[in-house]
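# Descriptive structure summary
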2 protein chains.
Amino acid sequence: MENDNILKALAHPVRRDMLAWLKEPEKHFSSQEHPLDMGICAGQFERCGLSQSTVSAHLAALSAAGLVTSRRVGQWVFYKRNEETIAAFRATLSDL
Amino acid sequence: MENDNILKALAHPVRRDMLAWLKEPEKHFSSQEHPLDMGICAGQFERCGLSQSTVSAHLAALSAAGLVTSRRVGQWVFYKRNEETIAAFRATLSDL
DNA sequence: TCTATATATCGCTAAAGTCCGATATACAGA
DNA sequence: TCTGTATATCGGACTTTAGCGATATATAGA
């Protein structure tokens, strides 16, 4: 659990938005065809206005930091928050 | 209270070290000539191994983020943690 | 096997961040 | 006013990050 990757990942507003959206899927991704409890598929995040390749890179950064998990199902990749890592990170910030 | 500046400031290991050192001044800055409760003067942070100008820039980043306060006394500038901002930031991270 | 869709990766450019030495500014004290 | 010390700012080199379009890969379905 390296805090450095996490803090670098959080140092970008788009990635923070993505994490925040994932916190309330039913609120932000009701348009998704797939059931929300599978996670949110990557394409949904293009709503941030950036290109597909850039969105993919942001998701990869969140994933590398351990802030989200991903799972491929068919042609889609579904993302979910990784609450364990997030909670652990928050705990380390208690003694910031 | 701009979270963006704070997270960007925290996204650098040297600046996190600086903040951590300031948490226990007696532990890390016992060599300082001035009383520790005035704060820690900028030069003390050059122990990180970076140049004076770079250290000054890092301190400026921390200050711009509101994570530290600074006070000039004579030719020195003393830095202290800004616990209010830090606590408020930690609170916002509760709903990360 | 062919086509269509979703995602990842590549190659590139632009912008931002990091670092340094040199210089400027602020202050103290002679 | 002059000198010495502490800190800040400037200018430039270098690295990293962010963004894009194009292409590659993975999968589904005909």
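This structure is a prediction, so every number in the text was calculated from the model and none was measured. (Residues numbered from 1 in each chain as written. Chains lettered and ligands numbered in written order. Predicted model: local features only at pLDDT ≥ 70, side-chain atom pairs only at ≥ 80, totals over all residues. Heavy atoms only, no water.)

Within the structure, DNA strand D sits among 20 residues, and Ser 51 and His 58 of chain A together with Gln 52, Ser 53 and Ser 56 of chain B are positioned closest to it. The share of sugar and phosphate among atoms of DNA strand D within 4 Å of the protein is 63%. One of the backbone nitrogen or oxygen atoms of Gly 43 of chain B is found 2.9 Å away from a phosphate oxygen of DNA strand D. For the surface near DNA strand D, the secondary structure elements donating two or more residues are α4 (52–64) of chain A together with α4 (52–64) and β3 (76–81) of chain B. Its residues placed into classes, the surface near DNA strand D shows 6 nonpolar, 12 polar and 2 charged. (Near = heavy atom within 4 Å. Polar contact = N/O pair within 3.5 Å; in protein donor to acceptor, adjacent residues only side chain to side chain. Helix = DSSP H or I, 4+ residues; strand = E, 2+ residues; numbered from the N terminus. Nonpolar A, V, L, I, M, F, W, Y, C, P; charged D, E, K, R; others polar.)

Let us now look at the pairing of strand β2 (residues 68–73) of chain A. With 6 bridges connecting them, β2 of chain A and strand β3 (residues 76–81) of chain A associate as antiparallel partners. Its bridge partner lying in β3 of chain A, Ser 70 of chain A is registered against Tyr 79 of chain A. (Pairing = 2+ DSSP bridges.)

Looking now at the interface of chain A and chain B. Many structure descriptions define interface size as the accessible area lost when the parts assemble. The interface is formed by 17 residues belonging to chain A together with 17 residues belonging to chain B. Taken together, both faces of the contact between chain A and chain B bury some 1,500 Å²; the carbon and sulfur share is 63%. Among the residues chain A hides against chain B, the three largest losses belong to Leu 7, Arg 90 and Leu 96 of chain A. Together they make up 39% of the total. Joining chain A to chain B, the criterion identifies 2 salt bridges. Across the contact surface, chain A and chain B share 6 residue pairs in polar contact (both at pLDDT 80 or more). It is helix α5 (residues 83–94) of chain A that contributes the most residues to the side of chain A that touches chain B, 5 residues altogether. (Contact = heavy atoms within 4.5 Å. Buried area = accessible area lost by both parts, 1.4 Å probe. Salt bridge = Lys/Arg side-chain N within 4 Å of Asp/Glu carboxyl O.)

Our focus in this paragraph is the relation of the copies chain A and chain B. Mapping chain A onto chain B leaves a residual RMSD of 0.0 Å; the transformation is a rotation of 180° accompanied by 0.0 Å of translation along its axis. Given the turn and translation reported, the copies of this chain are related as if by a two-fold rotation axis. (Least-squares fit on C-alpha atoms with pLDDT ≥ 70 in both.)

Here α5 of chain A is 12 residues long and its end C-alpha atoms lie 17 Å apart, about the 16 Å a rise of 1.5 Å per residue gives. If you check which residues of α5 of chain A are buried, you get Thr 85, Ile 86, Phe 89 and Leu 93 of chain A. Burial along α5 of chain A is one-sided: seen end-on, the buried residues are contained in an arc of 100°. Summarising the contacts, the buried residues of α5 of chain A are in contact with α1 (3–10), α2 (13–23) and β3 of chain A together with α5 (83–94) of chain B. (Expected span 1.5 Å × (residues − 1). Buried < 20%, exposed > 50% of the residue type's maximum accessible area, 1.4 Å probe, protein only. Arc of directions from axis to C-beta.)

This paragraph deals with the nonpolar core. Judged by nonpolar contacts, the single largest core of 47 residues is most densely connected at Phe 45 and Leu 67 of chain A together with Phe 45 and Leu 67 of chain B. Every residue in contact with Leu 67 of chain B, bar those within four places of it in the chain, is listed here: Ile 6, Ala 9, Leu 10, Leu 19, Leu 62, Lys 80, Arg 81, Asn 82 and Ile 86 of chain B. (Core = buried A, V, L, I, M, F, W, Y, C linked by side-chain atoms within 4.5 Å.)

Neighbouring DNA strand C are 21 residues; Gln 52, Ser 53 and Ser 56 of chain A together with Ser 51 and His 58 of chain B lie closest to it. Protein-adjacent atoms of DNA strand C, using a 4 Å cutoff, are sugar or phosphate at a proportion of 67%. Interatomic distance of 2.9 Å between a side-chain N/O atom of Ser 56 of chain A and a phosphate oxygen of DNA strand C. Between a phosphate oxygen of DNA strand C and a side-chain N or O atom of Tyr 79 of chain A, the distance comes to 2.9 Å. Among the residues making up the surface near DNA strand C, the classes are represented as 6 nonpolar, 12 polar and 3 charged.

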